[in-house]
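Take a look at the letters that make up each chain.
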Amino acid sequence: MANLVSPETLEICKQAAGIAGNIFAFGLFVSPIPTFRRIIRNQSTEQFSGIPYIYALLNCLICAWYGCPFISSDNLLVTTVNSVGAVFQLSYIIIYITNTEKPKKFKMSALLVAVFGLFAVISIGSMLITDLEFRHLLIGFLSCFTLISMFASPLSVMNIVIQTRSVEFMPFYLSLSTFLMSTSFLLYGVFNFDPFIYVPNGIGTILGIAQLALYFYYHDKSKEESREPLIESVA
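Going by the annotation in an unreviewed UniProt entry, the name recorded for the protein chain is Bidirectional sugar transporter SWEET, with Lactuca virosa given as the source organism. Of the comments in the UniProt record for the protein chain, the one headed Function (unreviewed entry) reads "Mediates both low-affinity uptake and efflux of sugar across the membrane." Annotation of the protein chain in UniProt includes, under Sequence similarities (unreviewed entry), the sentence "Belongs to the SWEET sugar transporter family."

Below, the structure written as structure tokens:
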């Protein structure tokens, strides 16, 4: 690709894809707001799980760290989007802890401390590595693994959609935001020649397409068939 287009064109395309990814990611980050409005209104977390937000926080922290200049070169837009994401996830977790029952308060608080402890070990440990290439590879593989795991997490929701023939628990705009964000950062990684970005986001794009295909396939069926929800939430 570098031989076909000029470096200036590649840079423009990369920045455009990165900015688009940041915008679409914002839609993904704000999607749980209705859930947490309900939690605040009812002063109860009901059957909602806080674990996905714990895992999303860890993912955002590691990916934000990967984008830092002393880990990888010219990936500042990766750091910005994941830093914003970390703030959102932390806010959701705090709301969850504040409104849940005592056993869950302890569990979620312990998990939150564990996330920050693990991130501290990763960040401090990586800075003690003097070999810059090894440091880049180590954090790159960690960020890639957590990102793929995050994109794979909706597989359980897709299974519920197939079983129930209902898209109730797979909101359209959440699936669309995931697809658009993944596609944007897939292009960003390609333009930046960074496999630690384009590989996981390529997988995320494929899974996003699968979610949208399921949504459109079962959307009409969901209107025709009225079913009682099997679970309170899969969030």
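Further notes follow.
### Quick look at the state of the cysteines
Per the counting criterion, the structure on display carries zero disulfides. Lacking any disulfide linkage, C60 is separated from the closest cysteine sulfur, that of C63, by 7.1 Å. Since its relative accessible area comes to 4%, C60 is described here as buried. With no disulfide partner, C144 has as its closest neighbouring cysteine sulfur the one in C63, 8.9 Å distant. In this structure C144 comes out as buried when scored by relative accessible area, which is 10%.

### Overview of the pattern of salt bridges
If you walk through the whole model with that rule in mind, you get four salt bridges. R38 is paired through a salt bridge with E46; the nearest N and O atoms lie 2.6 Å apart. By relative accessible area, R38 is classed as partly exposed at 27%. It is possible to trace a salt-bridge network through shared partners that takes in E11, K14 and D74.

### Regarding the packing of helix α4 (residues 76-99) against helix α5 (residues 102-127)
Taken N-terminus to C-terminus, the directions of α4 and α5 make an angle of 155 degrees; their axes are 8 Å apart at the nearest point. In this view, α4 runs roughly antiparallel relative to α5, as classed from their interaxial angle. The chirality of how α4 crosses α5 is left-handed. Where α4 approaches α5, its residues L90, I93, Y96, I97, T98 and N99 are matched on the opposing element by K104, K105, M108, S109, L112 and F116. Class assignment of the residues belonging to the contact of α4 with α5 gives a composition of seven nonpolar, three polar and two charged.

### What about the packing of helix α3 (residues 51-66) against helix α6 (residues 132-152)?
Relative orientation of the contacting elements α3 and α6 amounts to 145 degrees, with a least axis distance of 9 Å. Considering how the two elements wind past one another, α3 and α6 form a crossing that is left-handed. Where α3 approaches α6, its residues Y55, N59, I62, C63, W65 and Y66 are matched on the opposing element by H136, I139, G140, L142, S143, F145, T146, L147, S149 and M150. Looking at the contact of α3 with α6 residue by residue, the class counts come to 10 nonpolar, six polar and no charged.

### Focus on helix α7 (residues 155-164)
One turn of the α-helix equals 3.6 residues, which is why residues spaced by three or four share an orientation. Residues of α7 that are buried: V157, M158, I160, V161 and T164. Seen from one end, α7 has its buried residues packed into an arc of 155 degrees, which puts them on one side. Backbone geometry just downstream of α7 places R165 in the positive-phi region, at approximately 55 degrees.

### Considering the side chain of S126
By the secondary structure assignment, S126 is in helix α5. Judged by its relative accessible area of 1%, S126 is buried. When neighbours within four sequence positions are excluded, S126 is seen to be in contact with W65, I71, V121, R135 and I139.

### Focus: the UniProt feature "transmembrane region" (unreviewed entry) in the protein chain
Under the feature "transmembrane region" (unreviewed entry), the UniProt entry names residues 16-36, 48-67, 79-98, 110-130, 136-160, 172-191 and 197-218. Annotated as 90% helix and 0% strand, the span residues 16-36 places its first and last C-alpha atoms 32 Å apart. Segment residues 110-130 splits into 86% helix and 0% strand. End C-alpha atoms: 32 Å apart.

### Points about the packing of aromatic side chains
Taken as a whole and judged by the stated rule, the model has 16 aromatic pairs. Ring geometry for Y66 against F196: centres 6.0 Å apart, planes inclined by 80 degrees, an arrangement best described as edge-to-face. Placement of Y66 in helix α3 and of F196 in helix α9 (residues 195-224) is noted, with a sequence separation of 130 residues between them. The residues Y66 and F196 share a single accessibility class, namely buried. Between F172 and F216, the aromatic rings sit 5.7 Å apart at their centres with planes inclined by 65 degrees, giving edge-to-face as the arrangement. Of the two residues, F172 sits in helix α8 (residues 172-191) while F216 sits in helix α9, which places them 44 residues apart along the sequence. With a relative accessible area of 22%, F172 lands in the partly exposed category. An aromatic cluster of at least three residues, connected via ring pairs, comprises F26, F29, F36, Y53, F88 and Y92.

What counts as what
- Residues numbered from 1 in each chain as written.
- Predicted model: local features only at pLDDT ≥ 70, side-chain atom pairs only at ≥ 80, totals over all residues.
- Heavy atoms only, no water.
- UniProt positions renumbered as here; feature names shortened; annotations may be inferred.
- Disulfide = S-S within 2.5 Å.
- Buried < 20%, exposed > 50% of the residue type's maximum accessible area, 1.4 Å probe, protein only.
- Salt bridge = Lys/Arg side-chain N within 4 Å of Asp/Glu carboxyl O.
- Axes fitted to C-alpha atoms, helices over the stretch in contact; angles between N-to-C directions.
- Helix = DSSP H or I, 4+ residues; strand = E, 2+ residues; numbered from the N terminus.
- Parallel < 35°, antiparallel > 145°, perpendicular 65-115°, else oblique.
- Left-handed = near helix turned anticlockwise from the far one by under 90°.
- Contact = heavy atoms within 4.5 Å.
- Nonpolar A, V, L, I, M, F, W, Y, C, P; charged D, E, K, R; others polar.
- Arc of directions from axis to C-beta.
- Phe/Tyr/Trp six-rings, centres within 6.5 Å; stacked < 30°, edge-to-face > 60°.

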